[in-house]
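Topology and contacts: notes
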Amino acid sequence: GAVVSQHPSRVICKSGTSVKIECRSLDFQATTMFWYRQFPKQSLMLMATSNEGSKATYEQGVEKDKFLINHASLTLSTLTVTSAHPEDSSFYICSARDALGGTIYFGEGSWLTVV
Amino acid sequence: AQSVAQPEDQVNVAEGNPLTVKCTYSVSGNPYLFWYVQYPNRGLQFLLKYITGDNLVKGSYGFEAEFNKSQTSFHLKKPSALVSDSALYFCAVRPYGGATNKLIFGTGTLLAVQP
C-alpha cells in the first residue's frame, strides 16, 4: 500500500528553538497533506491543511506563525514548530491524500519533546 | 454540525470470537467513510474505505465494515479476533463534495483481545 514517511520519528529540542518535521509521500502524489496533533489517549486534532503550491489553511485556534507549514512539492510537506515551548510537546502526525484514488494515508508520527 | 461518534471507549473480546467496533456519523450528503488502526506510539494505518457500491467493504487484516445509510452507521467487524488486533481504532468521514477534503475523526475505540 501507499507509504507516507515522516521524519524524525522522535526529536528533543530546547525551549525557544525551532524544529522541522518532514512528511513525504513515497509512491504517490499528494496535492493535499494534513497535519494533526494527538494528545495521549485522545483523538487526532487537525491543525492545518497543506495544499501544494499555496498557503496552508489553519484550523481555528492554531497559530500559523508558530506552526509554519510548507508544501513545496507534490510529495513533501514540512511543519516547523517555531520558538518551541514545553507545552508544544506532543505527537504530531501527518497524512497525505492520494491525488488519484482519494484515500488518505498517514505517517508514523513524530514525538516532539521540548525541554 | 458534522460529526462521527464511536460510542464505545473500549471493546473487549476473546480471541477467536467475532468483534464489532461501532461507528455512526452525521454529515450532509453522501460521505466517504474510513477505518484506521493505530498501534501504540505509531501513526494510523488505513484499513478500509467506503465510497460507493456494495455496502459491505472488505479491508486489510480480515476486517470488513458495513455501510448502512438508513442508520448512518459504518461498523467495523471481523469474524475471528486475534490478540494482535488489539489496538486503537478510528472511524473517519470525509463529507462528499467537501471543499477541503478534511477527515472528521471519531474519538477512537480501544480494542482489547484477550488470549
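Residues numbered from 1 in each chain as written. Chains lettered and ligands numbered in written order. Predicted model: local features only at pLDDT ≥ 70, side-chain atom pairs only at ≥ 80, totals over all residues. Heavy atoms only, no water.

Observations regarding the layout of surface pockets
Where empty space is left becomes clear once a probe the size of a water molecule has been rolled over the atoms. Taken as a whole, the largest pocket encloses approximately 460 Å³ of empty space. Forming the boundary of the largest pocket are 21 residues, of which Pro40, Lys41 and Gln42 of chain A together with Gln38 and Leu88 of chain B lie nearest the centre. With 3 residues, strand 10 (residues 87–94) of chain B is the largest single contributor of residues to the lining of the largest pocket. Looking at side-chain class alone, the lining of the largest pocket contains 10 nonpolar, 9 polar and 2 charged residues. (1 Å grid on protein atoms, 1.4 Å probe; cavity = no way out; pocket = protein on both sides within 12 Å on 5 of 7 lines; lining within 4 Å. Points joined across faces, edges and corners; volume = space filled by probe spheres on them. Helix = DSSP H or I, 4+ residues; strand = E, 2+ residues; numbered from the N terminus. Nonpolar A, V, L, I, M, F, W, Y, C, P; charged D, E, K, R; others polar.)

Observations concerning the state of the cysteines
Each disulfide consists of one covalent bond between the sulfur atoms belonging to two cysteines. Residues and elements named next belong to chain A. Scanning all chains against the criterion turns up 2 disulfides over all chains. Here Cys23 is linked by a disulfide to Cys94, with a sulfur-sulfur distance of 2.0 Å. Residues Cys23 and Cys94 share a disulfide whose torsion about the S-S bond is about 80°; that sign makes it right-handed. One end of the pair, Cys23, is in strand 3 (residues 19–25); the other, Cys94, is in strand 9 (residues 90–97), with 71 residues separating them in the sequence. (Disulfide = S-S within 2.5 Å.)

Structural notes on the nonpolar core
Of all hydrophobic cores here, the largest spans 27 residues; its most connected members are Trp35, Leu47, Leu48, Phe74, Leu76 and Tyr89 of chain B. It is strand 10 of chain B that provides the largest number of residues to this core, a total of 4 residues. The residues touching Leu76 of chain B, leaving out its near neighbours within four places in the chain, are Leu19, Thr20, Val21, Trp35, Leu47, Leu48, Phe63, Glu64, Ala65 and Tyr89 of chain B. The next biggest cluster of nonpolar side chains, apart from the first, holds 25 residues, and it includes Cys23, Met47, Ala56 and Tyr92 of chain A. (Core = buried A, V, L, I, M, F, W, Y, C linked by side-chain atoms within 4.5 Å. Buried < 20%, exposed > 50% of the residue type's maximum accessible area, 1.4 Å probe, protein only. Contact = heavy atoms within 4.5 Å.)

Observations regarding the sheet that holds strand 7 (residues 67–73) of chain A
Residue and element names in this part refer to chain A. Pairing is antiparallel in the open sheet, where 4 strands are placed in the order 1-3-8-7. The two strands at the open ends of the sheet, each matched to only one other strand, are strand 1 (4–7) and strand 7. Across the sheet, the axes of successive neighbouring strands diverge by a mean angle of 15°, strand direction being ignored. The pairing of strand 7 with strand 8 (residues 76–81) spans 5 bridges and is classified as antiparallel. Opposite Phe67, over in strand 8, you have Val81 as the bridge partner. (Pairing = 2+ DSSP bridges. Axes fitted to C-alpha atoms, helices over the stretch in contact; angles between N-to-C directions.)

A closer look at the interface of chain B and chain A
A common way to report how large an interface is uses the accessible area buried once the components associate. With 18 residues of chain B in contact, the opposing surface of chain A contributes 23 residues. Our enumeration of links across chain B and chain A arrives at 1 salt bridge. Of the charged contacts, one joins Arg42 of chain B and Glu108 of chain A as a salt bridge, the two residues approaching to 2.4 Å between their closest N and O atoms. Run the count over chain B and chain A and you get 6 residue pairs in polar contact (both at pLDDT 80 or more). Elements with a contribution of two residues or more to the side of chain B that touches chain A: strand 5 (32–38), strand 6 (44–50) and strand 10 of chain B. Taken together, the residues of the side of chain B that touches chain A sort by class into 7 nonpolar, 7 polar and 4 charged. (Salt bridge = Lys/Arg side-chain N within 4 Å of Asp/Glu carboxyl O. Polar contact = N/O pair within 3.5 Å; in protein donor to acceptor, adjacent residues only side chain to side chain.)

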